[in-house]
Structure formats: C-alpha cells, structure tokens
Amino acid sequence: MNKIIILLLICISLFSCATKKEIVYFQDAENLNLKEIETSFEPIIEPNDILYITVSSMDEEVTKPFKRTIGSEGSPITNNIQLQGYLVDSEGNIRFPVLGTLPVMGKTRGTVEKELKTKLSEYITDVVVDVRIINFKVTVIGEVKAPGVFRIQDERVTLPEAIALAGDFTLDGNRKEVTVIREENGVRKVSKIDYTSSELFTSSYYFLKQNDIVYVEPSLKGVRKSGFIPDVPALLSLVTVILSTVIILTR
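Computed from a predicted model, the values in this text were never measured in an experiment.

Caption draft 1: Highlighting the nonpolar core. By size, the foremost hydrophobic cluster in this structure holds 43 residues, and its most contacted members are Leu51, Ile53, Phe96, Leu116 and Leu159. With sequence-adjacent residues up to four places away left out, Ile53 is seen in contact with Tyr86, Ile94, Phe96, Leu116, Val129, Asp130 and Val131.

Okay, structure coming up:
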C-alpha cells in the first residue's frame with residue numbers, strides 16, 4: 001500500500017513540473033548562424049491608416065498651398081498630430097490639397113513619398129516629402145504581464161519586441177502556441193507561432209503589421225487554474241490528504 005502511495009505521489013510531482021522545452025525561448029537558435037537578416041521591412045498602407053505628410057522646401061512660402069491646416073494657428077486642434085493627418089478611406093485614397101484624390105492603399109511609405117514628390121515637383125523644384133503612419137499599433141493580450149494596445153512610433157516592431165512591451169509571458173503562458181491575428185485585403189488570417197523555436201525568425205509574422213493582435217494562450221497549467229481544482233499542487237495536496245486519511249483508517 002505504501003509503495004503505491006509513494007508511486008502516485010512521484011507521478012503527480014513529475015506531472016506538475018514544466019519541461020525545459022516548454023519554457024526556453026528559441027531553443028535551436030544556433031541554426032540561425034550566417035543566415036541573412038531581413039532589413040527591408042516596410043509596412044503596407046491600409047484603409048483607416050492615418051498618414052502624416054510633410055512637404056518642405058528652401059522657400060517655405062511655396063509649400064503653403066500643399067499643407068493641411070485645421071483650425072486657427074495655436075489652437076488645441078492644430079496641436080493634435082492625428083487630426084492633422086490624412087485618413088485613408090475605405091477605398092484606399094487620401095485627399096491632398098491641390099492634387100486632389102490620391103490612391104495609397106497597398107503601397108509602402110517610400111512609394112507614396114516618391115509619387116508625391118513627382119507630382120509636387122511640377123510646383124516646387126526642391127520639394128522634400130516625408131510620409132509617416134501615425135496610428136501604427138499592435139495589441140497584445142492573454143497570458144502576458146501587461147496586456148494592452150501599443151503604439152509604435154517607427155512603424156517597425158517584431159513579435160519578440162511586442163511580447164517584451166507587454167512585460168513578457170506570465171508563468172502560465174503557452175510559449176509553443178502564440179496566436180497572431182492579422183487582416184490583409186479585407187481577409188482575416190490567423191497563425192500559430194512556436195515561440196520556443198528559432199523558426200520564428202524566418203516567419204512572415206516575425207515583423208508585425210499595423211493592427212495585428214497577438215494572443216498568448218494559457219498553458220495546461222493555466223487552464224487547470226480556471227477549473228474546479230486550481231492547480232496540480234492543489235491536486236497533490238488533496239490527494240495527500242485523502243491518502244493519509246485512508247492510511248489512518250486502515251491501520
């Protein structure tokens with residue numbers, strides 16, 4: 001009887017332990033040696049993006065017709081950079097002073113800058129154009145320490161960076177199944193990422209896009225915590241009490 005009890009306790013103890021393969025990140029990272037690093041990532045403009053476009057020249061007077069002004073100078077509205085931006089409508093266009101309606105959806109910032117510069121060069125000889133997406137954000141929820149919506153200033157964020165912004169995984173986070181939800185061309189895509197594998201670095205989801213949602217699922221341990229029996233240690237304590245009672249009563 002005692003041997004059976006000891007065996008049961010050992011089995012439960014082993015079951016309650018997490019393995020190294022479930023916890024350690026990027027376990028085969030040595031396979032990444034000498035692989036070319038992707039450095040040319042640039043977000044694609046989508047509907048509902050807000051573009052902040054600056055037009056400049058040595059003679060600022062000639063740029064005034066191409067600058068958007070909302071409200072009177074110095075008012076609270078003009079100090080809100082998002083209200084000074086150009087909203088990409090549902091058809092993928094913006095309305096730009098003098099030039100009118102311009103299609104931008106599906107293009108990179110660099111492409112839009114070049115196209116604007118070409119059009120504005122007809123009016124301004126030394127024109128300089130800069131385009132930024134000012135509402136670039138990603139959402140991280142689930143088993144992370146500080147879930148939330150994070151605005152990205154430089155429009156470039158990787159999945160590891162997003163997880164770090166959210167405070168890293170909790171102890172109950174499932175590192176082998178991190179879900180990324182993405183919308184492209186009106187279609188919602190869902191992908192599962194294994195954070196313990198170095199294949200993450202070659203995934204098309206390594207660089208996050210604007211409005212991506214990252215969801216960290218609970219591990220089996222986390223799922224148990226939400227059930228009737230809170231956790232394996234609690235189960236172990238319960239079994240220990242029951243077995244102790246049985247031993248006392250059968251003596």
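Caption draft 2: The arrangement of the side chain of Asn135 in detail. Position of Asn135 among the secondary structure elements: in the loop between strand E5 (128–133) and strand E6 (137–142). Assessed through its relative accessible area of 10%, Asn135 is described here as buried. One polar contact links the side chain of Asn135 to the main-chain carbonyl oxygen of Asn48, over a distance of 3.0 Å. Among residues more than four places away in sequence, those in contact with Asn135 are Asn48, Asp49, Ile50 and Arg151.

Caption draft 3: Molecular detail of the sheet that holds strand E10 (residues 187–193). Pairing is mixed in the open sheet, where five strands are placed in the order E7-E6-E12-E9-E10. A strand with exactly one partner marks an edge of an open sheet, and here the two such strands are strand E7 (148–151) and E10. Geometrically, the sheet is characterised by an average inter-axis angle of 20° between neighbouring strands, direction not taken into account. When strand E9 (residues 173–184) meets E10, the two strands line up antiparallel, connected through seven bridges. Counterpart to Glu183 in the pairing with E10 is Arg188.

Caption draft 4: Main features of helix H3 (residues 109–120). Look at H3: 16 Å from first C-alpha to last across 12 residues, which is about the 16 Å you get at 1.5 Å a residue. Residues of H3 that are buried: Arg109, Val112, Glu113, Leu116 and Leu120. The buried side chains of H3 occupy one side of the element, clustering within an arc of 100° when seen end-on. Among the exposed residues of H3, those pointing more than 90 degrees away from its buried face are Lys114 and Thr118. Looking at the packing, one finds that the buried side of H3 touches strand E1 (50–56), strand E3 (93–96), strand E4 (100–103) and E5.

Rules behind the numbers
The numbers attached to residues start from 1 for each chain and follow its sequence in the written order. A pLDDT threshold of at least 70 governs which residues receive local features in this predicted model, and a stricter bar of 80 or more applies before side-chain atom pairs are shown or counted, although totals over entire chains, interfaces and linings include all residues. Computation of side-chain values: all heavy atoms of the structure, hydrogens and water removed. Side-chain atoms within 4.5 Å link the members of a nonpolar core, which is a set of buried Ala, Val, Leu, Ile, Met, Phe, Trp, Tyr and Cys residues. Here's how the labels work: a residue is buried when its accessible area is under 20% of the maximum for its type, exposed when over 50%, partly exposed in between, all with a 1.4 Å probe on protein chains only. Should any heavy atoms of two residues lie within 4.5 Å, those residues are counted as being in contact. Counting from the N terminus, the helices are the DSSP runs of H or I reaching at least four residues and the strands are the DSSP runs of E reaching at least two. Polar contacts, as used here, are pairs of N or O atoms within 3.5 Å; protein pairs need one atom able to donate a hydrogen and one able to accept it. Residues neighboring in sequence count only if both atoms are side-chain atoms. When DSSP finds two or more bridges between a pair of strands, those strands are recorded as paired. In this description, a line fitted to the C-alpha atoms serves as the axis of each element, helices being fitted only across the stretch in contact, and the angle between N-to-C directions of two axes falls anywhere from 0 to 180 degrees. What a helix should span is 1.5 Å times the count of its residues minus one. Taken from the helix axis, the directions to the C-beta atoms give the arc we talk about.

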